[in-house]
Amino acid sequence: MPYVLAVSGLKDSGKTTLCGELLERLQKKGYALGYVKHSSHDLSSPEDTDTGKIRARHIPVAHCSSGAVHLEFEDPPSLELLLAQCFPQADLVLLEGGKSLPLPRIWVGPPGTAPSEIAGIIGYWNRFREDVADPSEYGAGGEDRLVERIEKLLISRKKESLQVFLDNKKLPIKDFVGDFIAGGIRGMLGSLKGYSQGFSGRISLFLKNGEDSEK
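Keep in mind that what you see is a predicted model, and the values were worked out from it rather than measured. (Residues numbered from 1 in each chain as written. Predicted model: local features only at pLDDT ≥ 70, side-chain atom pairs only at ≥ 80, totals over all residues. Heavy atoms only, no water.)

**Focus: the overall build of the protein**
Point 1. Each helix and strand in the protein was counted, giving six helices and ten strands.
Point 2. Considering only contacts in the protein between residues 6 or more positions apart, those separated by 24 or more positions represent 56%.
Point 3. Carbon and sulfur atoms form 53% of the exposed surface of the protein, whose accessible area is close to 13,000 Å². (Helix = DSSP H or I, 4+ residues; strand = E, 2+ residues; numbered from the N terminus. Contact = heavy atoms within 4.5 Å. Areas by Shrake-Rupley, 256 points an atom, 1.4 Å probe, with all protein chains shown as cover.)

**Description of unusual backbone geometry**
Point 1. Of note in the backbone geometry, Asp12 takes a positive phi value of approximately 60° without being a glycine.
Point 2. Position of Asp12 relative to the elements: it lies in the loop between strand E1 (3-9) and helix H1 (15-28).

**Comments concerning the pattern of salt bridges**
Point 1. All told, the structure shown has seven salt bridges when counted by the stated rule.
Point 2. One salt bridge in this structure joins Lys28 and Glu24, with 3.4 Å as the shortest N-O distance. Of the two residues, Lys28 and Glu24 both sit in helix H1, four residues apart, roughly one turn of that helix.
Point 3. With a relative accessible area of 29%, Glu24 lands in the partly exposed category.
Point 4. Among the ionic pairs, Lys29 bridges to Glu151, the shortest N-O distance being 3.6 Å. Of this pair, Lys29 sits in the loop between H1 and strand E2 (33-38) while Glu151 sits in helix H4 (residues 143-156), and the two are 122 residues apart along the sequence. (Salt bridge = Lys/Arg side-chain N within 4 Å of Asp/Glu carboxyl O. Buried < 20%, exposed > 50% of the residue type's maximum accessible area, 1.4 Å probe, protein only.)

**Side note on the pairing of E1**
Point 1. In terms of burial, E1 is largely enclosed, as seven of its seven residues are buried.
Point 2. Residues Tyr3, Leu5, Val7 and Gly9 line one face of E1 and the alternating positions Val4, Ala6 and Ser8 line the opposite face, and both faces are buried.
Point 3. When E1 meets strand E5 (residues 92-97), the two strands line up parallel, connected through five bridges. Note on E5: the bridge partner recorded for Val7 is Glu96. (Pairing = 2+ DSSP bridges.)

**Topic: the nonpolar core**
It is characteristic of soluble globular proteins that their nonpolar side chains tend to be buried jointly.
Point 1. Core analysis: the biggest nonpolar cluster contains 22 residues, and Leu5, Leu18, Leu22, Leu92, Leu94, Ile106 and Ile150 have the highest contact counts within it.
Point 2. Secondary-structure elements contributing two or more residues to this core are E1, H1, E2, E5, strand E6 (105-108), strand E7 (121-130) and H4.
Point 3. Sequence-distant contacts of Leu22, defined by excluding residues within four places in its chain, comprise Leu94, Ile106, Glu143, Leu146, Val147 and Ile150.
Point 4. Counting residues in hydrophobic clusters, the runner-up holds nine residues, among them Ala6, Val36, Phe87 and Val93. (Core = buried A, V, L, I, M, F, W, Y, C linked by side-chain atoms within 4.5 Å.)

**Concerning the pairing of E6**
Point 1. In E6, alternate side chains face the same way, and those of Arg105 and Trp107 on one face and Ile106 and Val108 on the other are all buried.
Point 2. Sheet analysis places E1 next to E6, joined by four bridges and oriented parallel. Residue pairing for E6: Val7 is matched across the bridge by Ile106.
Point 3. The pairing of E6 with E7 spans four bridges and is parallel. Looking at the pairing, Trp107 lines up with Tyr124 of E7.

**Focus on H4**
Point 1. With 14 residues, H4 extends 20 Å from end C-alpha to end C-alpha; this agrees with the ideal 20 Å at 1.5 Å per step.
Point 2. For H4, the complete set of buried residues consists of Glu143, Leu146, Val147, Ile150, Glu151, Leu153 and Leu154. Projected down its long axis, H4 carries its buried residues within an arc of 160°, all on one side. Facing away from the buried side of H4 by over 90 degrees, the exposed positions are Lys152, Ile155 and Ser156.
Point 3. Along its buried surface, H4 packs onto E1, H1, E5, E6, E7 and strand E8 (137-140). (Expected span 1.5 Å × (residues − 1). Arc of directions from axis to C-beta.)

**Here we look at the side chain of Lys37**
Point 1. Relative to the elements of secondary structure, Lys37 occurs in strand E2.
Point 2. Taking the relative accessible area as the measure of exposure, Lys37 reaches 12% and is therefore buried.
Point 3. Reaching out from Lys37, the side chain makes a polar contact with the side chain of Thr16 at a distance of 3.5 Å. (Polar contact = N/O pair within 3.5 Å; in protein donor to acceptor, adjacent residues only side chain to side chain.)

**Brief notes about the confidence of the model for the protein**
Point 1. The share of residues in the protein with pLDDT of 70 or more is 70%, and the mean pLDDT across the chain is 76.
Point 2. Predicted confidence for residues 64-76 stays below pLDDT 50, and this span has 23 contacts to residues more than four positions away or in other chains. (pLDDT = per-residue confidence, 0-100.)

**Quick word on the packing of H1 against H4**
Point 1. One way to put it is that H1 packs onto H4 with a least axis distance of 10 Å and a crossing angle of 65°. The pairing of H1 with H4 is recorded here as roughly perpendicular in orientation. The interaxial crossing formed by H1 with H4 has right-handed handedness. The residues of H4 that touch H1, namely those facing Leu18, Glu21, Leu22, Arg25 and Leu26, are Glu143, Asp144, Leu146, Val147, Ile150 and Glu151.
Point 2. Of the residues in the contact of H1 with H4, the class split is six nonpolar, no polar and five charged. (Axes fitted to C-alpha atoms, helices over the stretch in contact; angles between N-to-C directions. Parallel < 35°, antiparallel > 145°, perpendicular 65-115°, else oblique. Left-handed = near helix turned anticlockwise from the far one by under 90°. Nonpolar A, V, L, I, M, F, W, Y, C, P; charged D, E, K, R; others polar.)

Here it is as structure tokens:
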């Protein structure tokens, strides 16, 4: 699953503006990106808006609203499943909004504007203030410095070799177990026509339950 970083703040604080700035800079550095807007508003904005500019950069976009995903799923998936299905190759997904979600986040606004129940804040960005040297605060002109902070988070994380979901819920799998299962699957696929042993991309498996498979 890609690294997910929330960009949260109060209404009209500049969340979409910051997402656009970060996505533009990270895309130029060669990262594969995704963008999720967690709000009640339509995402199909004109190109001259901040959201429209993000779409124009050909960055994959998903839209969540009050826990319901605006995509064609039979059952609304969990955030983890949404990310795994929509952004399988992404290094990073920026999730705009999502104040209640248990994610690391950048708070858009001065420190005093973040409610006490907001958790996971790794830094503050204030578009109405010039950038300062404080390692946890960023202002206008400090977007490159904030990108450097995000890159350090990306480098420090370990990517999972395997993800398993049952009824939209992700199973916790230890690293060595995931590596063992993934290695076994690749080994068995080696006997199939069209599969290359050197393949390093995404492998998708769709497994029916026992009752369905007998019908």
